[in-house]
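Structure assessment
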Amino acid sequence: MADIKKEIEKRRTFAIISHPDAGKTTLTEKLLLYGGAINLAGSVKGKKTAKHAVSDWMEIEKQRGISVTSSVLQFKYNGYCINILDTPGHQDFSEDTYRTLMAADSAVMVIDASKGVEAQTIKLFKVCLLRSIPIITFINKMDRDAKSPFELLEDIENVLGISTYPMNWPIGSGKEFKGVYDRKSGSVLTFTANNGQREVESRSIPLSSEELKSSIGDDLFSRLSEDIELLDVAGDDFNSELVRGGRLTPVFFGSALTNFGVEPFLEEFLSLTTPPLPRETLTGEASPYSDGFSAFVFKIQANMNKAHRDRIAFMRICSGRFEKNMEVYHVQGDRKLRLSQPQQIMAQEREVIYEAYAGDIIGVFDPGIFSIGDTICMANDKFCFKGIPTFAPEHFALVLQKDTMKRKQFVKGVNQIAQEGTIQIFREPESGMEEVIVGVVGTLQFEVLEYRLKNEYNVEIVMNPLPYQYIRWIGNDDIDIKALDLASDTKRIEDLKGRPLLLFTSEWSISWALEHNEGLILEEFSS
Ligand code: G4P
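Residues numbered from 1 in each chain as written. Predicted model: local features only at pLDDT ≥ 70, side-chain atom pairs only at ≥ 80, totals over all residues. Heavy atoms only, no water.

Another aspect to go through is the sheet that holds strand 7 (residues 168-171). If you walk across this open sheet you meet the four strands as 7-8-9-10, and the pairing is antiparallel. A single partner strand is all that each edge strand has here, and the edge strands are strand 7 and strand 10 (204-206). On average, each strand axis in the sheet is inclined to that of its neighbour by 30°, with strand direction left out of account. As paired strands, strand 7 and strand 8 (residues 179-182) are joined by four bridges and run antiparallel to one another. From the neighbouring strand, Pro170 faces strand 8, where its bridge partner is Val180. (Pairing = 2+ DSSP bridges. Helix = DSSP H or I, 4+ residues; strand = E, 2+ residues; numbered from the N terminus. Axes fitted to C-alpha atoms, helices over the stretch in contact; angles between N-to-C directions.)

Structure (structure tokens):
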């Protein structure tokens, strides 16, 4: 037991969020370098050389240069065992991001110093807020001309509504970038500009040293002294309680590409964040240190690799220790099973694992039994984690297969993709599966559906966009859906479990339905 506790205390599991191009991949790559998980800078990705992040799996991602799916990377550093969860960069995949964040204990927010808070940062940040997890900010690309650091902090505070505490402070930016002042140690980490192309050498010089003045110049030195005074007098105080509750974000300035400020960031990050914390269950909390193994499924992905046509369920371990071949209990399926081929997956390379601990993510082969949010625990200690809500889709299309002879593949394909949570499928009451209504949170998911059905299931489809924008589940138990008095543009449908739903084109028709049907309960989420 003492060993398990020690192992769990080493764990840090976090997600990196950013607007596309802010430098998430570059920062991830540098972090992996420190852990020795990869040997060469640039091996994670170089868009220009058409190499792609090890975390990019699907063809569609490669073609479009976007990261659609999320992956998990693990490395060891200074006695810590670090799990990085990659989140999709594209805005249409915020639902996937939300699920990934359910598996994370904290988040790193990467911001481009020349742009400040961008649209996608706002969206992803809101998702983080839902869980009140610690958010640590890395303001990247200081080697390029940047906005004033005060303006950047104000941007975070005003747009995102979270207090900030700069852990370090930049001296100039772009060609004038000379380094950062570390507020804790009172020394300056120097930076020598080299057009952002190579890793820079840096040295730590005390603020009081004469050498510093001559190396950064009188102007920058006096501006730095003024800034430090202002921060000390007018800035927020550091408060680790607020950091843990996600209400104050420690901010670091640096440059991922030149590997400047990344290691100090990593070290501070590790001390600012906690090992895995207890998780909420339907009946209380599960402590990570409790004896029995438990986990929940936060992601399912089929056909990640054409060479292995399979489906993997990703689980976040929440308590205890996992051992290969151990017998566990799947709560939603109400049956015991053996997790026989657990894997840790980094791009196409899969490594079989023999043990894992609370905080870790494992991928197991899924013969089609798991759904997102499912609980796995020990048969002698059964409980259920709180579920992961699904986002209400906002775009709908009627999807039918071109070649009716391929009905079986079509049904299999749409069902599997729906189980992964990429799309939601519905149908009209009493209709078959020849055509389905597909609902998605972002329209790119339609393209993914079309692409995957063609490439993985050999089925071509026709997609007719539908004008609906709102979906509501009917919360009343006994209701005759046909008897409802609805506006002419409201559609009655059902989900795969046969639960009745309504599709609306406007909020006006939702109000109409509520006004004309006394006692009608309309719900935004399916439970
Ligand atoms: P993302 O995953 O958030 O989308 O961003 P990514 O790391 O791919 O970085 C986007 C671009 O910004 C890349 O350039 C990358 O090299 C550059 N970049 C990242 N960090 C820094 C930094 O600290 N300083 C500077 N100057 N640039 C940075 P690219 O030209 O789009 O691609 P590539 O050919 O360099 O891969």
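This part covers the environment of Met378. On the secondary structure map, Met378 appears in the loop between strand 23 (375-377) and strand 24 (395-401). Here the alpha-carbon distance between Met378 and Ser294, two residues 84 residues apart in the chain, equals 6.9 Å. Filtering out sequence-adjacent residues up to four positions away, Met378 remains in contact with Gly292, Phe293, Met326, Glu327 and Tyr329. (Contact = heavy atoms within 4.5 Å.)

This paragraph deals with helix 8 (residues 218-234). The end-to-end C-alpha distance of helix 8, which contains 17 residues, comes to 24 Å, matching closely the 24 Å that a straight helix rising 1.5 Å per residue would cover. When helix 8 is considered as a whole, its buried residues turn out to be Leu220, Phe221, Leu224, Asp227, Ile228 and Leu231. Projected down its long axis, helix 8 carries its buried residues within an arc of 125°, all on one side. Facing away from the buried side of helix 8 by over 90 degrees, the exposed positions are Asp218, Asp219, Glu226, Glu229, Val233 and Ala234. Here the buried face of helix 8 lies against helix 6 (149-160), strand 6 (163-166), strand 7, strand 8, strand 9 (187-190) and helix 7 (210-216). (Expected span 1.5 Å × (residues − 1). Buried < 20%, exposed > 50% of the residue type's maximum accessible area, 1.4 Å probe, protein only. Arc of directions from axis to C-beta.)

Our next topic: the state of the cysteines. In this structure the tally under the stated criterion is zero disulfides. The thiol of Cys377 is unpaired, and the distance to the nearest cysteine sulfur, on Cys384, comes to 8.1 Å. Residue classification places Cys377 among the buried positions, given a relative accessible area of 0%. (Disulfide = S-S within 2.5 Å.)

Sheet architecture is open: eight strands sit in the order 27-24-26-25-29-30-28-31, paired in antiparallel fashion. Edge strands, defined here as strands with exactly one partner in the open sheet, are strand 27 (461-466) and strand 31 (522-523). Two strands pair when backbone bridges link them, and strand 25 (residues 424-427) and strand 26 (residues 435-440) are joined in this way by three bridges, in the antiparallel orientation. If you follow Phe426 over to strand 26, its bridge partner there is Ile437. Of the strands in this sheet, strand 24, strand 25, strand 26 and strand 27 touch helix 11 (residues 407-419), which is tilted by about 155° from strand 24. Contacts from helix 12 (residues 444-457) reach strand 24, strand 26 and strand 27, with the element oriented near 165° to strand 27.

In short, shape yes, function no, at least from these values alone.
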